[in-house]
Amino acid sequence: MLWIMAFHSQVYFGDSGPGMPLNFWKQSGFGGADIFFFLSGFGLVHGWVRRRPSTATFYAGRVRRVLPAFWLLVVADAGLSWAMGSSPTLTTLATRLVGVDYLVFGDDRFWFVPSIAVCYAAFPWLMGLASEAGTAGPESRRPHALLVLATAFALAAVTLPVGHLYLLVARVPVFVLGVFVGIRACRSTEDSQRAWPWPQISVGVAVLGLLVLWIIQMSGAESADESFQSGGLLLFLPLAPALVIVAASAFAWLEDRGLAPGALGWIRGGLAFIGRNSLELYLIHVSLFETLGPQVNAGLQEALPTAARGNLLACVLLSAVSLALAAPVARFARLFRANSVTGRP
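This report concerns the structure included in the present document. In every chain, residue numbers begin from 1 and rise along the written sequence. pLDDT decides what is reported in this predicted model: residues at 70 or higher carry local features, side-chain atom pairs at 80 or more are listed and counted, and totals for whole chains, interfaces and linings draw on all residues regardless. Based on all heavy atoms of the structure, the side-chain values leave hydrogens and waters out of the count.

## Let's talk about the overall build of the protein
A count of helical and extended segments in the protein gives 17 helices and zero strands. Across the protein, every contact between residues at least 6 apart in sequence was considered, and the portion connecting residues at least 24 apart equals 72%. Summing over all exposed atoms, the protein offers an accessible surface of approximately 17400 Å²; the carbon and sulfur share of this is 68%. Counting from the N terminus, the helices are DSSP H or I runs at least four residues long and the strands are E runs at least two residues long. Contacts are assigned to residue pairs with any non-hydrogen atoms lying within 4.5 Å of each other. Surface accessibility in these figures is a Shrake-Rupley result with a 1.4 Å probe; residues are shielded only by whichever protein chains are displayed.

So this is what it looks like as structure tokens:
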């Protein structure tokens, strides 16, 4: 999520010299959304296998998780825009609240929630596709059908004129791949004993993928949009799981050897916080960066010796505010969900 925040900021580290690696990291931040989609598919599998919910129960849980925070923050974003003199029309607000602003009209300000909602809607069907009995789990015998589906969507993103839906179509295969990996992770002990050396393979995939992404960015693309439209986004189909596996393996390696336990504890706590509040954090930072970002950047650029320092400080300040607001908003949304279930006012 911090990667996505950097991507949405106006921070610029330079295309040469010591700032070039940081600028590459910033310009590749759209991959943070792919990692979220991958982890969502992976995590949903484990919840499904553990609870075995009905499709209706699953959908109800997803609605209660997403809609309260989404509605609250869309309305808050409209209020913030109004205060800054650029409020959306009532029609735009209404379409945002029901999620068709992106899917139908191409308004990508809040593309993320309608897109992940499409993946959630397809999830029970994906689990059935991968299963002999219709409830995929450790006994699943057809998970490789998901790889075929992911490949089909990746080809569609490249070959079909999907227009503004490219952001969704290119993320669906990453979500499906997360479901596939989740099912594989739930397999029996016998399968795990025959497992391939995934950490080592993932390091190779990550290095190769990042190298290709760097070549794409250095090949003349004038913006991050051009970078991922020219193939950078689909690179995260293999890159997202590879980066997740590399990070998890490195974390486990350090823990097993008892290295830097204090730092690892802080990292674990930070990751847990971001994981619990990821939806709220995404929506808050989009609103702040797009509505307040230009004014905050302009003010700090005038106050500091260089524009680059102003942009960096603006990114830090807006990110800190987003992090500070995420937990209270999430608690409020959870209270709303609890009241909706119990019927209390």
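## Considering helix H8 (residues 144–159)
What a helix should span is 1.5 Å times the count of its residues minus one. Spanning 16 residues, H8 covers 23 Å between terminal C-alpha atoms, matching the ideal 22 Å at 1.5 Å per step. Regarding H8, the residues found buried are Leu 146, Leu 149, Ala 150, Ala 154, Ala 156 and Ala 157. Along the axis of H8, the buried positions cluster into a sector of 155°, meaning they face one direction only. Exposed and facing more than 90 degrees away from the buried side of H8 are Val 148, Leu 155, Val 158 and Thr 159. Buried residues along H8 sit against helix H7 (112–129), helix H9 (166–169), helix H10 (172–185) and helix H14 (236–256). Accessible area is worked out with a 1.4 Å probe on protein chains only. A residue is then buried under 20% of its type maximum, exposed over 50%, and partly exposed in between. Relevant arc is that of directions from the helix axis to the C-beta atoms, nothing else.

## Thoughts on the environment of Tyr 12
Within the secondary structure, Tyr 12 is located in the loop between helix H1 (2–8) and helix H2 (20–27). Owing to a relative accessible area of 46%, Tyr 12 belongs among the partly exposed residues under this scheme. In this structure the C-alpha to C-alpha distance between Tyr 12 and Arg 309, which are 297 residues apart in sequence, comes to 9.1 Å. Not counting residues within four places of it along the chain, the set of residues in contact with Tyr 12 comprises Asn 23 and Ala 308.

## Describing the environment of Ala 122
For Ala 122, the position within the fold is in helix H7. Distance from Ala 122 to Val 172, taken between C-alpha atoms, is 9.8 Å for residues 50 residues apart in sequence.

## Considerations on the packing of aromatic side chains
Two aromatic rings from Phe, Tyr or Trp, using only the six-membered ring of Trp, form a pair when their centres are within 6.5 Å; if the ring planes differ by under 30 degrees the pair is stacked, by over 60 it is edge-to-face, and anything between is tilted. Within the structure shown, the criterion is met by 14 aromatic pairs. Both rings, one in Phe 58 and one in Tyr 59, keep their centres 5.9 Å apart while their planes meet at 55°; by these two values the pair is tilted. Its relative accessible area of 9% is what places Phe 58 among the buried residues. Three or more aromatic residues joined by ring pairs form one cluster here, namely Phe 36, Phe 37, Tyr 102, Trp 111, Phe 112 and Tyr 282. Over a ring means this: the NZ of a Lys or the CZ of an Arg is within 6 Å of the ring centre and within 35 degrees of the ring normal. In this arrangement the basic side chain of Arg 62 is found over the ring face of Tyr 120, its NZ or CZ atom lying 5.1 Å from the centre.

## Structural notes on the layout of surface pockets
Only protein atoms enter the 1 Å grid used here, on which a cavity is any set of points holding a 1.4 Å probe that cannot leave and a pocket is any open set flanked by protein within 12 Å on both sides along at least five of seven lines; residues with an atom within 4 Å of a point are listed as lining. Grid points are joined across faces, edges and corners, and a volume is the space filled by probe spheres set on the points. There is about 1600 Å³ of room inside the largest pocket. Taken together, 39 residues line the largest pocket, and the ones lying closest to its centre are Phe 36, Leu 39, Ser 40, Gly 275 and Ser 278. When contributions to the lining of the largest pocket are tallied by element, the ones reaching two or more residues are H1, helix H3 (31–51), helix H4 (55–83), H7, H14, helix H15 (261–276) and helix H16 (278–303). Among the elements that take part in the lining of the largest pocket, H3 stands out by supplying 13 residues, more than any other. Residues of the lining of the largest pocket, tallied by class, amount to 24 nonpolar, nine polar and six charged. Just so you know the grouping, Ala, Val, Leu, Ile, Met, Phe, Trp, Tyr, Cys and Pro go in nonpolar, Asp, Glu, Lys and Arg go in charged, and all remaining residues, Gly too, go in polar.

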